[in-house]
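# Coordinate inspection notes
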Amino acid sequence: SIPTSAEAEADPEQLQKEQHARSMLRETFLRCLLSMANRKVQFNMYEKVKVEATFGASDIDVLNFQVSDLHTPIGVQKEALIRSQDVISFTYDV
Amino acid sequence: MNTCDWPLLGPLQWTSYVNKQVRVKAGKDEEHRGWLLTVDPVSASLVLVDFGLPGKASVQVVMGHAVEEVQVLQEADQETTERLQTSFLPPTPRRLDP
Amino acid sequence: SWRGSAAPPLERPGERRGAEMKKLYGEDSAKIMAMEAAMQLAFDRNCDRKQPKYWPVIPLKL
């Protein structure tokens, strides 16, 4: 869970600013994740593992990515879940 | 700035990086450059956009837990800001009534 | 109510989550919750239909 800052606890105006900032950031991020459905994504993972897959969806806590046609070093896995903890970054073109 | 504490910064500080060109070090040896679109307040993950040819862009999502350092390179001008905010995201969904 | 009057009050996790979201997101919390619900639904539906397995089987980062 995400804590609110100490200043925000004390000051309603600060709390509102922080809530607004958090909403803007989260909304843009969610729209971004939603727009990734069916895109080809490259995952850069720990241990220098790089794999490509077609993005499906993420859970809202951003713990798991559901993907299809995952090209692993030993072949294609048709349907897969990738743990976000294994991922450093992922990229795609628009 | 040294931002091993990146996930702890909070919404107001993350917002101060939005629309800026940043260099992000992540994992052991990854480095990414791009315009910061947003930071997920839940996972502290950054979304960077790198513009290529007209109408083309590459999007990089760097997981918050992997961030080692975030450095601001420059501020966006009006045109870049607009391009960033409008170029690839679908239009804002209709506001839901409470 | 189907519960006897002696029963303790029901826990309402939905309501508690609503209150937490309101604290985090303020007046936009309803909108954020609606977007999150849509996203989680898509994730759950895909997982139900496609039955994806974790890859790699063992986490890279323990």
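Moving on: the sheet that holds strand S1 (residues 40-45) of chain A. Strands sit in the order S5(B)-S1(B)-S2(B)-S3(B)-S4(B)-S5(A)-S1(A)-S2(A)-S3(A)-S4(A)-S1(C) across an open sheet of eleven strands; the sheet is mixed. Edge positions in the sheet fall to strand S5 (67-75) of chain B together with strand S1 (53-54) of chain C, since each of these pairs with one other strand and no more. As paired elements, S1 of chain A and strand S5 (residues 87-93) of chain A share four bridges and run antiparallel to each other. Note on S5 of chain A: the bridge partner recorded for Phe 43 of chain A is Phe 90 of chain A. Taken strand by strand, helix H2 (residues 12-35) of chain A contacts strand S2 (50-58) and S5 of chain A together with strand S2 (30-39), strand S3 (46-51) and strand S4 (57-62) of chain B, and its axis lies near 115° from that of S2 of chain B.

Let us look at the pattern of salt bridges. One pass over the structure, following the stated rule, counts eleven salt bridges over all chains. We note a salt bridge from Glu 27 of chain A to Lys 31 of chain C, for which the minimum N-O separation is 2.9 Å. With one member in each of two chains, Glu 27 of chain A in helix H2 and Lys 31 of chain C in helix H2 (residues 29-50) form a pair that bridges those chains. Like Glu 27 of chain A, the residue Lys 31 of chain C is buried in the burial classification. Residues participating in the shared-partner salt-bridge network are Arg 26 of chain A, Asp 40 of chain B together with Arg 17 and Glu 36 of chain C.

Our next topic: the nonpolar core. By size, the foremost hydrophobic cluster in this structure holds 40 residues, and its most contacted members are Phe 43, Phe 65 and Phe 90 of chain A. Contact partners of Phe 90 of chain A, with chain neighbours within four places excluded, come to Met 36, Val 41, Gln 42, Phe 43, Phe 55 and Phe 65 of chain A together with Val 59, Gln 60, Val 61 and Met 63 of chain B. Leu 25, Tyr 46 and Ile 88 of chain A together with Leu 9 of chain B belong to the second largest nonpolar core, which has 20 residues in total.

Residue and element names in this part refer to chain B. Buried residues dominate S2, accounting for eight of its ten residues. Hairpin connection of strand S1 (residues 20-26) to S2: three residues between the antiparallel strands, including Gly 27 at a positive phi of 60°. Examined bridge by bridge, S2 and S3 share four bridges and lie antiparallel to one another. Note that in S3 the partner of Trp 35 across the bridge is Val 49. Joining the antiparallel neighbours S2 and S3 is a turn of six residues, in which Ala 44 adopts a positive phi near 60°.

Let's shift gears to the confidence of the model for chain C. On average, residues of chain C score 87 in pLDDT, and 81% of them are at 70 or above. Scored as a complex, the prediction yields pTM 0.88 and ipTM 0.87.

Our focus in this paragraph is the interface of chain A and chain C. Listed by partner, the interface residues are 38 residues for chain A and 28 residues for chain C. Interface area, chain A with chain C, both sides summed: about 3200 Å², of which 64% is carbon and sulfur. Among the residues chain A hides against chain C, the three largest losses belong to Ile 60, Leu 81 and Arg 83 of chain A. Together they make up 20% of the total. Taken together, the links from chain A to chain C amount to three salt bridges. Inspection of the chain A/chain C interface yields 16 residue pairs in polar contact (both at pLDDT 80 or more). If one sorts the elements of the side of chain A that touches chain C by residue count, H2 of chain A sits on top with eleven residues. Within the side of chain A that touches chain C, the residues separate by chemical class into 16 nonpolar, twelve polar and ten charged. Direction of pairing for strand S4 (residues 75-83) of chain A relative to S1 of chain C: parallel, over a ladder of two bridges.

Assignment of secondary structure puts Val 39 of chain B in strand S2. On the accessibility criterion, Val 39 of chain B (0% relative accessible area) is buried. Distance in space between the C-alpha atoms of Val 39 of chain B and Val 18 of chain B is 7.9 Å, their sequence separation being 21 residues. Those residues in contact with Val 39 of chain B, other than ones at most four positions away along the chain, are Leu 25 of chain A together with Trp 6, Trp 14, Ala 44 and Ser 45 of chain B.

On the side of chain A, 32 residues touch chain B, which itself brings 36 residues to the contact. Both faces considered, chain B and chain A share a buried interface measuring about 2900 Å² in area, 66% of it formed by carbon and sulfur atoms. At the boundary of chain B with chain A, the tally comes to two salt bridges. Note that Asp 29 of chain B and Lys 48 of chain A form a salt bridge whose closest N and O atoms lie 3.0 Å from each other. Counting every contact that joins chain B to chain A gives twelve residue pairs in polar contact (both at pLDDT 80 or more). Considering each element in turn, the side of chain B that touches chain A owes the most residues, six residues, to S4 of chain B.

Procedures and definitions
Residues numbered from 1 in each chain as written. Chains lettered and ligands numbered in written order. Predicted model: local features only at pLDDT ≥ 70, side-chain atom pairs only at ≥ 80, totals over all residues. Heavy atoms only, no water. Pairing = 2+ DSSP bridges. Helix = DSSP H or I, 4+ residues; strand = E, 2+ residues; numbered from the N terminus. Contact = heavy atoms within 4.5 Å. Axes fitted to C-alpha atoms, helices over the stretch in contact; angles between N-to-C directions. Salt bridge = Lys/Arg side-chain N within 4 Å of Asp/Glu carboxyl O. Buried < 20%, exposed > 50% of the residue type's maximum accessible area, 1.4 Å probe, protein only. Core = buried A, V, L, I, M, F, W, Y, C linked by side-chain atoms within 4.5 Å. pLDDT = per-residue confidence, 0-100. Buried area = accessible area lost by both parts, 1.4 Å probe. Polar contact = N/O pair within 3.5 Å; in protein donor to acceptor, adjacent residues only side chain to side chain. Nonpolar A, V, L, I, M, F, W, Y, C, P; charged D, E, K, R; others polar.

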